Amino acid sequence: MRVVVRLLTSLAGLVVLAGGVLLIVEVVGVWVRPDSGGVLVPWSAARPALSGLTWRDGPVLAVAAGCAVLGAVLLLVSLLAGRRVIRLLDPAPEVTVTTDPRSLARVVGHRVRVEDGVAAAAVTARRKRVRVRVTGRFRAVGDLRDRAATTASAAVEGLPLRRGPRVSVSVSPAKER
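Residues numbered from 1 in each chain as written. Predicted model: local features only at pLDDT ≥ 70, side-chain atom pairs only at ≥ 80, totals over all residues. Heavy atoms only, no water.

Engineer: Looking at this structure, how should I read the overall build of the protein?
Structural biologist: In terms of helices and strands, the protein carries 5 helices and 5 strands. Secondary structure elements of the protein occur, N-terminal to C-terminal, as α-α-α-β-β-α-β-β-α-β. Classification of the 177 residues of the protein by burial places 18% in the buried group. Of the accessible surface of the protein, which amounts to about 13200 Å², a share of 63% is contributed by carbon and sulfur atoms. Of the side-chain charges in the protein, 27 are positive and 12 negative, and the distance between the mean point of each set is 2 Å. (Helix = DSSP H or I, 4+ residues; strand = E, 2+ residues; numbered from the N terminus. Buried < 20%, exposed > 50% of the residue type's maximum accessible area, 1.4 Å probe, protein only. Areas by Shrake-Rupley, 256 points an atom, 1.4 Å probe, with all protein chains shown as cover. Lys, Arg positive; Asp, Glu negative; His and termini not counted. Charge placed at Lys NZ, Arg CZ, Asp CG, Glu CD.)

Engineer: Help me understand the layout of surface pockets in this model?
Structural biologist: The method is simple in principle: a probe with the dimensions of a water molecule rolls over the atoms, and the space it marks as empty is what remains. In this structure, the second largest pocket spans a volume of roughly 170 Å³. Considered class by class, the residues forming the lining of the second largest pocket number 3 nonpolar, 1 polar and 5 charged. (1 Å grid on protein atoms, 1.4 Å probe; cavity = no way out; pocket = protein on both sides within 12 Å on 5 of 7 lines; lining within 4 Å. Points joined across faces, edges and corners; volume = space filled by probe spheres on them. Nonpolar A, V, L, I, M, F, W, Y, C, P; charged D, E, K, R; others polar.)

Engineer: How do you make sense of the pattern of salt bridges when you look at a structure like this?
Structural biologist: Between side chains of opposite charge, a pair can form as their charged atoms come close. On inspection of all chains with the given rule, the structure shows 2 salt bridges. Two residues, Glu 115 and Arg 147, come together in a salt bridge whose shortest N-O distance is 3.3 Å. Linking Glu 115 in the loop between α4 (101-113) and β3 (118-125) with Arg 147 in helix α5 (residues 144-157), this pair joins segments that are 32 residues apart in sequence. Its relative accessible area of 22% is what places Glu 115 among the partly exposed residues. Using a relative accessible area of 26% as the deciding quantity, one classes Arg 147 as partly exposed. For Asp 143, the salt bridge is made with Arg 147, and the minimal N-O distance between the two is 3.3 Å. (Salt bridge = Lys/Arg side-chain N within 4 Å of Asp/Glu carboxyl O.)

Engineer: Even after reading the chapter, I still don't get the packing of α4 against α5, so can you show me in this structure?
Structural biologist: Each pair of packed helices gets described by two things: the angle between the helix axes and the distance between those axes. Taken N-terminus to C-terminus, the directions of α4 and α5 make an angle of 145 degrees; their axes are 9 Å apart at the nearest point. At the point where α4 passes α5, the crossing takes the right-handed sense. Contact residues: α4 offers Val 108, Arg 111 and Val 112, while α5 offers Ala 148, Thr 151, Ala 152, Ala 154, Ala 155 and Val 156. In terms of residue class, the contact of α4 with α5 is made up of 7 nonpolar, 1 polar and 1 charged. (Axes fitted to C-alpha atoms, helices over the stretch in contact; angles between N-to-C directions. Left-handed = near helix turned anticlockwise from the far one by under 90°. Contact = heavy atoms within 4.5 Å.)

Engineer: Sorry, what's going on with the sheet that holds strand β4 (residues 129-136) here?
Structural biologist: Consider a sheet: its strands pair through backbone hydrogen bonds, and that pairing is either parallel or antiparallel. Strands sit in the order β3-β4-β5 across an open sheet of 3 strands; the sheet is mixed. Edge positions in the open sheet fall to β3 and β5 (166-172), since each of these has one partner strand only. Adjacent strand axes in the sheet meet at a mean angle of 15 degrees, parallel and antiparallel pairs treated alike. Relative to β4, β3 runs antiparallel, the two being bridged by 7 bridges. Across the sheet, Val 123 pairs through a bridge with Val 132, a residue of β4. The sheet strands contacting α4 are β3 and β4, and the helix crosses β3 at an angle near 160 degrees. Strands β3, β4 and β5 of the sheet are contacted by α5, whose axis makes an angle of about 150 degrees with β5. (Pairing = 2+ DSSP bridges.)

Engineer: I tried to follow the side chain of Glu 26 on my own but got confused; where do I start?
Structural biologist: Examined against the element boundaries, Glu 26 turns out to sit in helix α1 (residues 2-32). The buried charged residue Glu 26 lacks any salt bridge partner; its closest oppositely charged side chain belongs to Arg 33, at an N-O distance of 8.9 Å. A distance of 3.0 Å separates a polar side-chain atom of Glu 26 from the backbone nitrogen of Val 41. Contacts of Glu 26, omitting those with residues within four sequence positions, involve Gly 38, Val 39, Leu 40, Val 41 and Trp 43. (Polar contact = N/O pair within 3.5 Å; in protein donor to acceptor, adjacent residues only side chain to side chain.)

Structure representation (structure tokens):
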């Protein structure tokens, strides 16, 4: 979600920058040639067309509705873009301890990759679920799934988490060369 927020804020910044540059160009153009109709925007031609519009005309209502929808979408994206944290047990009443899902995934990944027969492990962690995808070194994986699941569960249980996430492990054999 952070990528979406960064993209939207960059886009909004570029729009504001373009509006500011347009305003500066138009103001300087009026200072240099006061009788001109505008440098980039033909204000003299737009003024009669805009003066005939009222607040009840269709184009005005459509632009207002579009702005309202865009504002609602931006508000929703900003509300959903909060930082995801996993709460740990607090050592004292006035201390709050959190970690992020990436750190939890690293801890579980390091422990699972040490297991015999593990060629690679990809771990994604969320507040309620840790998903481990293990690739075995050999085509026959045997009990690798059980060992990886035990190791991943022990890694999660070893942390002082308020609520332990559910751990799921999937194993795929090594690819043929």
